Amino acid sequence: MIAEAPIRLYGFHGGLHLDDRKSLATGQPIGEVPLPDALILPLSQHIGGAAKPRVKVGDVVRRGQTVADPQGVVSSPVHAPTSGRIVAIEPRRVPHPSGLKADCVVLEPDGLDQWLDAPEWTPLPDFTAASGEQIRVIARAAGIVGLGGAAFPSAIKLNPGRVVDTLIINGAECEPYISCDQMLMTEQADEIVLGIRVVLHALGAPRCLIGVEDNKPAAIRALSRACEKDAHIHVVVVPTRYPQGGEKQLIQTLAGLEVPSEGLPLDLGIVCHNPGTVRAVGRAVCLGEPLIERIITVTGEAVAQPRNFRVRLGTPMRHLVEQAGGLKGTPGRLLMGGPMMGFALPNLDVPVIKATNCVLALAPETIRATPEAQPCIRCGECVTVCPSRLLPQQLYWHARAREFEAAENLNLFDCIECGCCAIVCPSHIPLVQYYRFAKTEIHAAEAEKREADAARLRHEARLARIEREERAKEEARARKKAALAAAKSGAPTPPPDAAPAKPAAAPATAPTGDDDPVAIAMARAQARRSANNAVPAPASVETEPTAAETNPPTPADDDPVARAIAAAKARKAAKEAAAPTPSEAPQAPAEDDPVAKAIAAAKARKAAKAAATEIPPDAPATESDAEDPVAKAIAAAKARKAARDTAADNRE
Ligand code: SF4
Ligand code: SF4
């Protein structure tokens, strides 16, 4: 006789009573599935970051060995379900609503099914002596994720960082057809209760409530027997009502508390786990076994012999369905999960993953023909059944009109996509599809906004960097200008960080600034540059008359071409004047010889320098001197030389 539940039930709003069809697959005990030819192990079988392969093609691995490591906190490792050889690491089609491919490790079993010589962590059969942290570390290393279908890494839910008052085990399993938890609770209740004890110890929680729907009497009996010595673990029988298995709905039924919008059960001091998940934690901690298999329901009217199986992860679904006698013709729908919240599979050539609880093949005749959607008649039926207390018809209008903000304000994200509203809608409006569309659009817009914000920040940072660089260049230019002016005036060079000084006119007699090597070097460099560029010599320098001087301006001077030719001739004449005479050159430079050319240029520079130094110290500055920086430099050099000579005379 089933013991009376000592816990008061509260129930939840809305919901539906559906034909459960669970008896299809519960007539036989859990079956075993032989190893397939190849196991396909997706690197992402959970919510969060994909794992990173630890093995390479050709490696030989043992059962229980880690083949991929977690990346980040919300991630989970992948283990070899049997011994064998890695034959590929490549994208394969995986069970996902998108139907896209994802990276997988492909393992070819060797048939020996050999375990590792020792587990990758030390098992703790006496878990009561272990700390909560030790248990969490093992749960993470064992790759345990929520086996109810959400596949959230369990170690995070074992490390809540807050006081936990109640652990709730979600054994409601409310979706029609699915019976894997029911069979597990019936056949392995002792292992589930062991796992509950381990999790309670890790959380430091004082009590556990196991919620089981009243359509699973065998499971209720088995669990009640298994935990009869644990006064703080209670089996609570709840009414069969879809979606009782929703986390928020079960909490409301058992604790009478409503999880706040956008909140977590932890906000109420509650943590929820699936029976299969706590069993896996118990085996990992006490036996050192990673998560390499799970129970899966293979059912539906299109399956020859529906049944529950213990399946190695990575087993192709086709191999699994063959163990159930294969398909009876072409199914009308092929789903992973139940008929309410499952998603369509492209075919059976995808592997079983940690989140697979059911492979459902529905016969064509069992599928309701979907009549064409009609306009909403505002009957309010959808509001009556919504377990999240939403306004489904208003959400539909806003989603349809793309008024996403209004939909969000109506708590769109509290919708658990249970489908109750769509089932009762007399207008056959595919309401859930509108909600999924709105959620996807909102997520996409948020992602776009995040990217735009990041791009704007990058742009602003770039502008700031360019401004910084420009400022630095400006300051460097000002410092250089000040140093040049100081060199001309003979004043001490200002320090690099000094404010730029205004260029001062060269004094007639320069002080001892001539000793400054920087100023001397700069003046020398400028004189060299002027000679090199063949700038016409200042008027005060005694040179041969330029072409412009020998050829007075003619009317043709108004012609820009004629002016350019005249200027070129003038430059050539100046260059020739600065160049050494053939007698000074040991040999004429060959026109094509770059070495000879360089020697000639150096000589020209030297001659120009010599010509500059021959200027009489008292030569008056001409108008062109005042304007031409070269002439200015020469004048400054002359002034400095005169000052030096004067000083030498005085000393003598
Ligand atoms: S059940 Fe359908 S028809 Fe009725 S109010 Fe809701 S959306 Fe409109
Ligand atoms: S699908 Fe969403 S809106 Fe519809 S009944 Fe379920 S929770 Fe409510």
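Draft legend 1. A look at the overall build of the protein. Scanning the protein for helices and strands turns up 19 helices and 17 strands. A burial count over the protein gives 43% of its 652 residues as buried. Contacts in the protein between residues at least 24 apart in sequence constitute 71% of all its contacts with a sequence separation of at least 6. With an accessible surface of roughly 33,500 Å², the protein has 54% of that area assigned to carbon and sulfur atoms.

Draft legend 2. Summary view of the sheet that holds strand E13 (residues 293–299). A sheet is described by the order of its strands in space; here six strands give the open sequence E1-E14-E13-E17-E15-E16, paired in mixed fashion. Sheet topology places strand E1 (31–32) and strand E16 (343–344) at the edges, where each strand pairs with a single neighbour. Where helix H3 (residues 180–187) meets the sheet, it contacts E13 and strand E14 (307–312), and its direction lies at approximately 125° from that of E13.

Draft legend 3. The arrangement of the site of ligand 1 in detail. For ligand 1, the full set of nearby residues is Cys376, Ile377, Arg378, Cys379, Gly380, Cys382, Gln393, Cys425, Pro426 and Ser427. For the shell around ligand 1, a count of residues per class yields six nonpolar, three polar and one charged.

Draft legend 4. Spotlight on the site of ligand 2. Taken together, 13 residues lie near ligand 2, and Cys386, Cys415, Cys418, Gly419 and Cys421 sit nearest. If you list the elements that add at least two residues to the shell around ligand 2, you get helix H12 (420–424) and helix H13 (431–489). Of the residues assigned to the shell around ligand 2, the class counts are 10 nonpolar, two polar and one charged.

Draft legend 5. The sheet that holds strand E9 (residues 166–171), seen in detail. The parallel open sheet is built from four strands, whose spatial order is E11-E10-E9-E12. A strand with exactly one partner marks an edge of an open sheet, and here the two such strands are strand E11 (233–238) and strand E12 (270–273). Strand after strand, the sheet turns through a mean of 25° between neighbouring axes, direction not considered. With four bridges connecting them, E9 and E12 associate as parallel partners. Across the sheet, Thr166 pairs through a bridge with Ile270, a residue of E12. The strands touched by helix H6 (residues 247–255) are E9, strand E10 (207–213), E11 and E12; relative to E9, the strand with the most contacts, the crossing angle is about 120°.

Draft legend 6. Local environment of the confidence of the model for the protein. Summarising the model, the protein shows a mean pLDDT of 83, and 74% of its residues fall at 70 or more. Within the protein, no element has a lower average pLDDT than helix H15 (residues 547–550), which sits at 39, and none a higher one than E14, at 98. Long-range and interchain partners of residues 534–558, a stretch whose pLDDT sits below 50, account for 22 contacts in this model, where long-range means more than four residues apart. Low confidence marks residues 579–591, where pLDDT is under 50. Its contacts with residues over four positions away, or in another chain, come to 10 contacts.

Draft legend 7. Just the packing of helix H4 (residues 189–203) against helix H5 (residues 217–226), in detail. Two numbers describe how H4 lies on H5: the axes approach to 9 Å, and their chain directions differ by 55°. Between H4 and H5, the angle falls in the class oblique. Handedness of the H4/H5 crossing: right-handed. Contacts from Ala189, Asp190, Ile192, Val193 and Arg197 in H4 reach Ala222, Leu223 and Ala226 in H5.

Draft legend 8. Highlighting H6. Most of H6 is tucked away, with seven of its nine residues classed as buried. On its buried face, H6 sits against E9, E10, E11 and E12.

Draft legend 9. Geometry of the environment of Thr370. Mapped onto the secondary structure, Thr370 falls in the loop between strand E17 (358–362) and helix H9 (381–385). Separated by 60 residues in the primary sequence, Thr370 and Pro430 place their C-alpha atoms 9.4 Å from one another.

Draft legend 10. Quick look at a negative patch on the surface. Negative charge collects at one region of the surface, where Glu262, Glu405, Glu408 and Glu446 lie side by side. Along the chain, the position of Glu446 falls in helix H13.

Draft legend 11. Examining the packing of aromatic side chains more closely. Tallying each qualifying case throughout the model produces two aromatic pairs. Aromatic side chains Tyr396 and Tyr434 sit 4.9 Å apart centroid to centroid with 75° between the ring planes, which places their arrangement in the edge-to-face category. Of the two residues, Tyr396 sits in helix H10 (residues 392–400) while Tyr434 sits in helix H13, which places them 38 residues apart along the sequence. Tyr396 sits in the buried class, given a relative accessible area of 4%. With a relative accessible area of 25%, Tyr434 lands in the partly exposed category.

Draft legend 12. Representation of the pairing of E10 in the model. For E10, a buried count of six out of seven residues is recorded, marking the element as mostly surrounded by other parts of the structure. Alignment of E9 against E10, held across six bridges, turns out to be parallel. Directly across from Ile169, in E10, lies its bridge partner Ile210. Taken together, the six bridges between E10 and E11 define a ladder with parallel strand orientation. Within E11, the residue paired with Gly211 across the bridge is Val236. Considered for its hand, the β-α-β crossover made up of E10, H5 and E11 is right-handed.

Draft legend 13. A look at unusual backbone geometry. Cis geometry marks the peptide bond from Tyr242 to Pro243; its omega dihedral reads 0°. Here Pro243 shows up in the loop between E11 and H6. Backbone geometry places Arg402, a non-glycine residue, at a positive phi of 60°. Considering the arrangement of structural elements, one finds Arg402 in the loop between H10 and helix H11 (404–409). With a relative accessible area of 48%, Arg402 lands in the partly exposed category. Of note in this structure, Glu417 is not a glycine but carries a positive phi near 55°. When you line up the elements, Glu417 lands in the loop between H11 and H12.

Draft legend 14. Seen up close, the side chain of Ser179. Mapped onto the elements, Ser179 comes out in the loop between E9 and H3. Overall, Ser179 belongs to the buried group, its relative accessible area being 0%. At a separation of 2.9 Å, a polar atom in the side chain of Ser179 contacts the side chain of Asn308.

Draft legend 15. Inspection of the pairing of strand E5 (residues 66–69) at higher detail. Where strand E3 (residues 52–53) and E5 come together, two bridges link them in antiparallel fashion. Paired with Lys52 across the bridge in E5 is Asp69. One ladder, built from two bridges, connects E5 with strand E6 (residues 78–79); its direction is antiparallel. If you follow Thr66 over to E6, its bridge partner there is His79.

Draft legend 16. Quick look at the pattern of salt bridges. Across all of its chains, the model carries 29 salt bridges by this definition. Here Arg456 makes a salt bridge to Asp453, at a shortest N to O gap of 3.7 Å. Note that Arg456 and Asp453 are positioned in helix H13 at a spacing of three residues, about one turn of the helix. What you see here is one network of salt bridges that share partners, running through Glu191, Arg279, Arg283 and Glu289.

Basis of the calculations
Residues numbered from 1 in each chain as written. Chains lettered and ligands numbered in written order. Predicted model: local features only at pLDDT ≥ 70, side-chain atom pairs only at ≥ 80, totals over all residues. Heavy atoms only, no water. Helix = DSSP H or I, 4+ residues; strand = E, 2+ residues; numbered from the N terminus. Buried < 20%, exposed > 50% of the residue type's maximum accessible area, 1.4 Å probe, protein only. Contact = heavy atoms within 4.5 Å. Areas by Shrake-Rupley, 256 points an atom, 1.4 Å probe, with all protein chains shown as cover. Pairing = 2+ DSSP bridges. Axes fitted to C-alpha atoms, helices over the stretch in contact; angles between N-to-C directions. Near = heavy atom within 4 Å. Nonpolar A, V, L, I, M, F, W, Y, C, P; charged D, E, K, R; others polar. pLDDT = per-residue confidence, 0-100. Parallel < 35°, antiparallel > 145°, perpendicular 65-115°, else oblique. Left-handed = near helix turned anticlockwise from the far one by under 90°. Patch = residues over 30% accessible without salt bridge, like charges linked within 9 Å, V, L, I, M, F, W, Y side chains within 5 Å. Salt bridge = Lys/Arg side-chain N within 4 Å of Asp/Glu carboxyl O. Lys, Arg positive; Asp, Glu negative; His and termini not counted. Charge placed at Lys NZ, Arg CZ, Asp CG, Glu CD. Phe/Tyr/Trp six-rings, centres within 6.5 Å; stacked < 30°, edge-to-face > 60°. Right-handed = clockwise from strand over helix to strand, strands pointing away. Polar contact = N/O pair within 3.5 Å; in protein donor to acceptor, adjacent residues only side chain to side chain.

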